[in-house]
Amino acid sequence: MRDVETNLVELAEDRVRLTVEVPSADIKHAVEHAGADLAERTKVPGFRAGKVPMPILVRRLGKERIYTEAVETHVGGWLRAAVASKGLRPVSEPKFEYELPGSTESGWSFSAEFDLQPLPKLADWRKLEVGKGEAEIPDGLLEHELDVLRASVAQLVPVEGRPVQDGDTLVVDFYSEREEESRDQVIELGAGKLARELEQGLVGAEAGESREIPFFLADGSASSVKVTVKEIMEKDLPPVDDELARAASEFDTLGELRSEIEERLLAEAEAERDIAFREASVDALVNASNVEVHPVLVEERARALLANLVRSLEQRGMNLDLYLQLTGQDAGQLVEEVRVEARRSIARELVLEAAADKLKLKISDNEIEELVREQSGATGEDADELVAEIWRVGRHQELREDMRMSAALDRICEGVKPIPLAQAEAREQIWTPEKEKPASPSKLWTPGSKETP
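Summarised in this report is the structure supplied together with it. Computed from a predicted structure; not experimentally measured. (Residues numbered from 1 in each chain as written. Predicted model: local features only at pLDDT ≥ 70, side-chain atom pairs only at ≥ 80, totals over all residues. Heavy atoms only, no water.)

Summarising the element assignment, Gly-62 is placed in the loop between α2 (54–61) and α3 (63–86). Gly-62 sits 55 residues away from Gln-117 along the chain, and the two C-alpha atoms are 41 Å apart. (Helix = DSSP H or I, 4+ residues; strand = E, 2+ residues; numbered from the N terminus.)

Have a look at this one:
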């Protein structure tokens, strides 16, 4: 749908009427689409299904029937697009008001009334104390990075004469209890990508061997998966010396390589500390403001998150049932974790939107264009073409809102009082009734990701 004109009227607290102007081109498309659908379902002597010409279809069914079909099948999408362009969050079924279009030669309008998710009344974030850690390189991480470099230039060599050991890289086929299969999956034992029982059950297997490995799901029920080990490989690691530096980096000596790694790890630690502080700041404001998210929004967001997970799995040749078995979860547990994540992400958005309104923050077109040009440099795209495309499809409004909320978060982080992380964690250990809430979910593992289940 092209850019549309909209008019928003507040009817009562958290209820609005949105009037949407639909361009004639979209009306014409909707009528043609409706005509094609009706032609498939309408029997007209002398014509095959779907081949009835529009003039004959109009005489047969009447213009009103076709226009009714066009509006009823498209008005929901037109409303969703208009709602998204205005940044609204409906939480009730819309009540539509309209008259049918008179023709496809002119625009058409409709209105819809619905309830909105209210923005929270914000606590004073200047009174909040938020834990902020020190940027430190964890013990052993530098040596671990060197080991990762060793592994990156190591050769995977076939194993002969021994069974599977922890740390081996395997090529396996999985078969679930429902006889669903996932072939030629490459896994590294000890990487934490599979349920612990599965990894342990593969240790000691011979190449070509199939094993039925039982394990328990989160609800206590038992399950199993059949695994066939097709190949066993191990890494032939080079020594940590100047030759490693030359093979795995642009440096000539091990000392130069270690210095570069240390600088990078410190920069990453600082960035992670700052991200954690920003997340903790907005979460503290969410808790202090007692934000309540409407269940309708939670379910919508949760469905979107689950759909993204399923698509990610399908791209890697795995379905959801097999994923649940391999990670030792059940469907109910996964859905609840996703709901918690959905509720948390929406609550953060509501707080940041309310803060942006309170601060009267505005983002200009020039600021959006500057950001797009910076991003084009990182991706190698033509800056002028990217700017034009973003404005053509209307994505500049989405970027404007993202930048506006990011600016609001900047102001919140400037206003809260940082305290030592240990002090903040000690406070969290003290239970109070308002802290009774669902635990935050772990990040969802997908095949190929670095997160462990």
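After presenting the structure, the write-up continues.
Moving on: the packing of helix α7 (residues 254–288) against helix α13 (residues 395–415). Relative orientation of the contacting elements α7 and α13 amounts to 85 degrees, with a least axis distance of 10 Å. Taken together, the axes of α7 and α13 lie roughly perpendicular to each other. Residue-level inspection shows Phe-277, Arg-278, Ser-281, Val-282 and Leu-285 of α7 in contact with α13, the latter providing Ser-406, Leu-409, Asp-410, Ile-412 and Cys-413. (Axes fitted to C-alpha atoms, helices over the stretch in contact; angles between N-to-C directions. Parallel < 35°, antiparallel > 145°, perpendicular 65-115°, else oblique. Contact = heavy atoms within 4.5 Å.)

This next bit is on α13. For α13, built from 21 residues, the straight-helix expectation of 30 Å at 1.5 Å per residue is met to within 8% by its first-to-last C-alpha distance of 31 Å. Where α13 is buried, its residues contact α7, α10 (331–358), α11 (365–379) and α12 (383–392). (Expected span 1.5 Å × (residues − 1).)

Glancing now at the packing of α11 against α13. A pair of packed helices can be characterised by two numbers: the angle between their axes and the separation between those axes. In the contact formed by α11 and α13, the axes pass within 10 Å of each other and the chain directions differ by 95 degrees. Looking at the two axes, α11 sits roughly perpendicular to α13. Taken together, the residues of α13 that come into contact with α11 (itself represented by Asp-365, Glu-367, Ile-368, Leu-371 and Val-372) are His-396, Leu-399, Arg-400 and Met-403. Split into classes, the residues belonging to the contact of α11 with α13 amount to 5 nonpolar, 1 polar and 3 charged. (Nonpolar A, V, L, I, M, F, W, Y, C, P; charged D, E, K, R; others polar.)

The next point concerns the packing of aromatic side chains. On inspection of all chains with the given rule, the structure shows 4 aromatic pairs. By the ring-pair criterion, three or more aromatic residues cluster together here, those being Trp-78, Phe-96, Tyr-98, Trp-108 and Phe-110. Directly above the aromatic system of Phe-277 lies the positively charged group of Lys-132, at a separation of 4.9 Å from the ring centroid. (Phe/Tyr/Trp six-rings, centres within 6.5 Å; stacked < 30°, edge-to-face > 60°. Lys NZ or Arg CZ within 6 Å of the ring centre and 35° of its normal.)

As a further point, take the sheet that holds strand β3 (residues 95–97). Within a sheet, neighbouring strands are paired by backbone hydrogen bonds and run either parallel or antiparallel to one another. Strands sit in the order β1-β2-β4-β3 across an open sheet of 4 strands; the sheet is antiparallel. Sheet topology places β1 (5–12) and β3 at the edges, where each strand pairs with a single neighbour. Adjacent strand axes in the sheet meet at a mean angle of 20 degrees when their direction is disregarded. With 7 bridges joining them, β1 and strand β2 (residues 15–22) adopt antiparallel strand pairing. In the strand pairing of β2, Asn-7 is matched with Thr-19. Along the sheet face, α3 touches β1, β2, β3 and β4 (108–115) and points at about 65 degrees away from the line of β4. (Pairing = 2+ DSSP bridges.)

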